[in-house]
2 protein chains.
Amino acid sequence: MNEQVALTPRVARLRADRVTLAHGGGGKAMRDLIEDVFVSTFQPDGMEDQARLQSALLAEPGAQLAFTTDSFVVQPIEFPGGDIGRIAVCGTVNDLAVGGARPLWLSAAFIIEEGCEVALLRRVVASMRAAADEAGVRIVTGDTKVVERGAADRLFVTTAGVGVIPPGRMLSAERVQPGDVAIVNGVLGDHGATILAARGDMALETDIASDCRPLGDLMEAVIAAAPGVRCARDATRGGLASALNEIAQASAVGIEIEEATLPLRAEVKGVCELLGLDPLYLANEGPWCCSFPKAKRGRRLPRCAPHRLDGRRRSSAARSNRAMPAWSCAAISGQPNRRHAGRRTTSAHLLKEKRPCSSPDRARISRRNGACART
Amino acid sequence: MNEQVALTPRVARLRADRVTLAHGGGGKAMRDLIEDVFVSTFQPDGMEDQARLQSALLAEPGAQLAFTTDSFVVQPIEFPGGDIGRIAVCGTVNDLAVGGARPLWLSAAFIIEEGCEVALLRRVVASMRAAADEAGVRIVTGDTKVVERGAADRLFVTTAGVGVIPPGRMLSAERVQPGDVAIVNGVLGDHGATILAARGDMALETDIASDCRPLGDLMEAVIAAAPGVRCARDATRGGLASALNEIAQASAVGIEIEEATLPLRAEVKGVCELLGLDPLYLANEGPWCCSFPKAKRGRRLPRCAPHRLDGRRRSSAARSNRAMPAWSCAAISGQPNRRHAGRRTTSAHLLKEKRPCSSPDRARISRRNGACART
């Protein structure tokens, strides 16, 4: 921003209660919306459409730029433990983090349905800023589009993220080897069960809250504690089952996990039993799994546990479950599945009952429950 | 991609004609959609969720990373001269280019309405690949989400772009000075008039086509020909009027343009007269304006003209208008508007009739015409 014509913060310049098509038209109404709701909160560095950025990390020889994107369409937009804005920041930050990148900058693009409440937008944007501060990243550029009533579902947010992978760091699902061990961070299914309950159309009453949070610092702590880590995946859409299947496919290594060791709250188990869902397929926003060479795991990893607990939002539900293991360890048992090797269809298996844990079929799950949750 | 387990291209693995909720569920159906439609066309480098990239340009001391994003919600999705995919690539490439960056990499996130035709998706994705090749950029990472029928309007695309601004290059609207001259590239309003006509609800028959195209090479040619260029803006949403107003506000310099010199096709003028629209407010995807110190303009700029004509799609409408000036020159007349200086409300004025050319009020324009075009 130029000093001579510095833009003084203009609070509450936007008088409308709801977004109209004029707010997407490229004119004064749009600039008022952008400056009052977005620029005043995100405080980007300049007045240009593009962000202009520098980082010494990027200039390091051998460093790689990491780049990722996700659209967020969660319904409801606000739910216990978070909202679409918090997920949009954490989701993209975590996609960078589990690939070994240090997240630096985010873009945020909003598709707004005509009639969307300005107050809701303000809350979502404030939540994004708070999540970005928590994650140590900056939201540096953005866009808004307004579509007619009925052409969107109130609000969709798409974030893209840029980070830096330090020289020499290489996390990849393809590197997983037979005999590795895998760990799962956090408790599973909290986010998915929260969204199902928050939709309100299943008459569920629980005090579960989404555990949506940025994982960059935790990931750095894990890499520092266990430099041999081969890969990490966040267990978002499709749950832990999908994450493990992706690893199995990329590495052509069969995965077996011990179901009894998986960390699940009693409330989440209850929701799943009631709805006939498998918690392994429930979406998560906090937990991820990673894999290590066996010899290097046990010795150093527990150091990370206090970090996780510190970072965690202590809802009453969380407090009542503090006895949950910080890390649950599951063996990646290893032998490449000969029948499928090379065809990338190797599946994760659950050790307890040896049932195949294939990629989820959402339509099947949804139809069974008469509802479909966008998580 | 790891050599040992290279993913062989699987063509037509996806058998569905239309996208279902299962294609957004995180499981096998989603992977089939992504691999068959997106990965097979964009051919990203690896199997990870994030792209990992290196560029010698980024490592140059003093180079800046440019980062921008835009959501695209154009209706209809396909129109003469382009489609949502072509705009999504060109729009983000051009946002980088007019800021002086060399566009390198794009992300692409798709929000798909349940029931959207897979064939349409394939056409849009192929069009994105073609536009990316034309622009010399790569689409390196992406995301898909599927929402229920009625929760979106078939297809929304959000792209983010990363580019590099070479050391020492500084284009900014704030640098515009009294006495500068501005030029406008291309003919105005083709894209906006095309979309209005293509919506079909106004019974317009024209052979205008969108001039949507990547401008990176042209921008580099302009900077090479006229190193003194101070700023450039693409005249997209809100048209040339909005672009000039943004420059006027950022620089606190009043702008007067000579309306008679603005390049407009007879067809576009006709559509505007019929609908009571002002062509200055029509959206563009090709044209942009830029400003230069006066002494440096006249001498060297015409060199760029052949470049523009080469890059242009030669539709029959374009051929019939080849007498159009490649560059139209309009003076930025200059005196800071004292009444408004510092309040950033300085407006562009049209020289011909001295009518104020303020930021557009889309609702007013739309209501007058009983329709609203998302461009």
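Computed from a predicted model, the values in this text were never measured in an experiment.

1. Re the pairing of strand E11 (residues 288–292) of chain A
Looking along a regular strand, one sees side chains alternate from face to face of the sheet. Residue and element names in this part refer to chain A. In terms of burial, E11 is largely enclosed, as five of its five residues are buried. Alternating residues of E11 divide into Trp288, Cys290 and Phe292 and Cys289 and Ser291, and every residue in both groups is buried. Sheet topology note: the strand E8 (residues 181–185)/E11 ladder contains four bridges and is antiparallel. Pairing of Val184 across the sheet is with Cys289, part of E11. Direction of pairing for strand E9 (residues 231–234) relative to E11: antiparallel, over a ladder of four bridges. Looking at E11, one finds that Ala232 is bridged to Cys290.

2. Notes on the relation of the copies chain B and chain A
With an axial shift of 0.0 Å and an RMSD of 0.0 Å, the rotation relating chain B to chain A amounts to 180°. Overall, the copies show the geometry of a two-fold rotation axis. Both copies present the same face, since 100% of the interface residues in chain B are matched by interface residues at the equivalent positions in chain A.

3. Some remarks on the packing of aromatic side chains
Residues and elements named next belong to chain A. Here the structure, examined in full by the defined rule, presents four aromatic pairs over all chains. Ring centres of Phe38 and Phe110 lie 4.6 Å apart, and the angle between their planes is 50°; this geometry places the pair in the tilted category. Here the residue Phe38 occupies a position in helix H1 (residues 28–42), and Phe110 occupies one in strand E5 (residues 102–113), the gap between them amounting to 72 residues. Residue classification places Phe38 among the buried residues on the basis of a relative accessible area of 6%. Using a relative accessible area of 1% as the deciding quantity, one classes Phe110 as buried.

4. What about the interface of chain B and chain A?
Taken together, the 84 residues of chain B in the interface contact 84 residues of chain A. The contact between chain B and chain A buries some 7,000 Å² in all, and 51% of this surface belongs to carbon and sulfur atoms. Seen at the junction of chain B and chain A, the total is five salt bridges. Here Lys145 of chain B ties to Asp70 of chain A by a salt bridge, and the two come within 3.6 Å at their closest N and O atoms.

5. Description of the side chain of Asp95 of chain A
Following the sequence through the fold, Asp95 of chain A ends up in helix H3 (residues 84–98). Setting aside anything within four residues of it in sequence, one finds Asp95 of chain A in contact with Thr68, Asp70 and Asp234 of chain A together with Asp49 and Gln50 of chain B.

6. Section: the sheet that holds strand E7 (residues 155–165) of chain A
With mixed pairing, the five strands of this open sheet are ordered in space as E6(A)-E5(A)-E7(A)-E2(A)-E1(B). Lying at the two open borders of the sheet, with one neighbouring strand each, are strand E6 (138–147) of chain A together with strand E1 (51–53) of chain B. Here the average twist between neighbouring strands, direction ignored, is 15°. Pairing geometry for strand E2 (residues 64–72) of chain A and E7 of chain A, over nine bridges, is antiparallel. Counterpart to Phe67 of chain A in the pairing with E7 of chain A is Val162 of chain A.

Analysis parameters
Residues numbered from 1 in each chain as written. Chains lettered and ligands numbered in written order. Predicted model: local features only at pLDDT ≥ 70, side-chain atom pairs only at ≥ 80, totals over all residues. Heavy atoms only, no water. Buried < 20%, exposed > 50% of the residue type's maximum accessible area, 1.4 Å probe, protein only. Helix = DSSP H or I, 4+ residues; strand = E, 2+ residues; numbered from the N terminus. Pairing = 2+ DSSP bridges. Least-squares fit on C-alpha atoms with pLDDT ≥ 70 in both. Contact = heavy atoms within 4.5 Å. Phe/Tyr/Trp six-rings, centres within 6.5 Å; stacked < 30°, edge-to-face > 60°. Buried area = accessible area lost by both parts, 1.4 Å probe. Salt bridge = Lys/Arg side-chain N within 4 Å of Asp/Glu carboxyl O. Axes fitted to C-alpha atoms, helices over the stretch in contact; angles between N-to-C directions.

In short, geometric facts, not functional conclusions.
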